[in-house]
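Residues per chain are reported as follows:
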Amino acid sequence: MPGGRLTQQERQQIALGLADGLAYAEIARRLDRPTSTITREVMRNGGPTSYRADLAHRAAEHRAHRRRQTAPRDPRTPAQPHGRDAEAVREYEEVFTTVVMASGMPKMMARVLACLCLTDSGSLTASDLAQRLQVSPASVSKAIAFLESQGFVRRERDERRRERYVVDDDVWYQSMMASARSIAQVVETARQGVGVLGSHTPAGARLENIARFLDFVSESTARAAEQARDVLYTKPERTEPERTEPERTEPERTEPERTEPEHLTSGTTSDGAA
């Protein structure tokens, strides 16, 4: 599997693959690259519908030039816990961020959410986030306000009375319920529009169909979140390899060797004839 940065020719192949409607995994297979490399490349350069090879290559060269100008990281930076590969974690965090951005979340909010999700504690202070992401405290504050409004994070105080931002299991349930409530508000507004525009007009009929569709989605989302909530608090079972007892085999029974009487094996008959 080739390493290093993507070449301009590879980026052109990515653009052609996207135009043909190929999945990221198929494009990666054709280029003999990891799927995560293709996903990150596309999502950081406009997404599958806006990706352009020439602009993507120019942006990559600009990033490489900027990295050469920045000071190297402090070598005293502590190693990743649990023996993780620091570079692999950094690359995965970038992939996670770009995928969240593809769902419609702004970049800074996606970066903060990814940073919180990838910590073992699931909580960080504003100072922690600013230091890890190399951004201003104001950027962190704005991102947290947005994520909190969407139900993705919550605030709590630690033993030193510092405010911490938390992403725990229940946050995902609360986020889904917040999404269902937001859709329900659109439903209500759409139905108000039906009354204003008239149910027998094309615009009124359109709004009624929107309301019916989103009403179903909202109810289904809330019901599914309630039904699946227990999954968030159930630890996955660790399956131990099945131990198989060695098969017990009965010792082979050997018949005792039969020896013929000497007078039968001596080559003479019982009457003494040869």
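Residues numbered from 1 in each chain as written. Predicted model: local features only at pLDDT ≥ 70, side-chain atom pairs only at ≥ 80, totals over all residues. Heavy atoms only, no water.

A. Up close: the overall build of the protein. The helix and strand tally for the protein stands at 11 helices and 3 strands. Starting at the N terminus and ending at the C terminus, the protein contains elements arranged as α-α-α-α-α-α-β-α-α-β-β-α-α-α. The buried share among the 274 residues of the protein stands at 28%. Expressed as a percentage of contacts within the protein between residues at least 6 apart in sequence, the contacts between residues at least 24 apart total 52%. When the accessible surface of the protein is summed, it comes to about 20,000 Å², and 51% of that surface belongs to carbon and sulfur atoms. (Helix = DSSP H or I, 4+ residues; strand = E, 2+ residues; numbered from the N terminus. Buried < 20%, exposed > 50% of the residue type's maximum accessible area, 1.4 Å probe, protein only. Contact = heavy atoms within 4.5 Å. Areas by Shrake-Rupley, 256 points an atom, 1.4 Å probe, with all protein chains shown as cover.)

B. Quick look at the side chain of Asp 158. Assignment of secondary structure puts Asp 158 in the loop between strand 2 (154-157) and strand 3 (163-166). Here Arg 160 takes part through its backbone nitrogen, which lies 2.9 Å from a polar atom of the side chain of Asp 158. (Polar contact = N/O pair within 3.5 Å; in protein donor to acceptor, adjacent residues only side chain to side chain.)

C. Layout of the pairing of strand 2. As paired elements, strand 2 and strand 3 share 4 bridges and run antiparallel to each other. Its bridge partner being in strand 3, Arg 157 is matched across the sheet by Glu 163. The turn joining strand 2 and strand 3, which pair antiparallel and follow one another in sequence, is formed by 5 residues; a positive phi near 65 degrees is taken by Arg 161. (Pairing = 2+ DSSP bridges.)

D. Region of interest: the environment of Gln 9. With respect to the secondary-structure elements, Gln 9 resides in helix 1 (residues 8-19). Spatially, the C-alpha atom of Gln 9 lies 8.5 Å from that of Ala 53, the residues being 44 residues apart in sequence.

E. Seen up close, the nonpolar core. Counting residues in hydrophobic clusters, the biggest one holds 21 residues, and the most contacted among them are Met 105, Val 112, Leu 116, Leu 129, Ile 144 and Leu 147. Only helix 6 (107-117), helix 7 (126-133) and helix 8 (137-149) provide two or more residues apiece to this core. Here this core gets 6 residues from one element, more than from any other, and that element is helix 6. The residues contacting Met 105, other than those within four sequence positions of it, are Val 100, Ala 110, Leu 113, Phe 146, Leu 147 and Phe 152. If you look at the next biggest cluster of nonpolar residues, it comprises 10 residues, including Leu 6, Ile 38, Tyr 51 and Ala 56. (Core = buried A, V, L, I, M, F, W, Y, C linked by side-chain atoms within 4.5 Å.)

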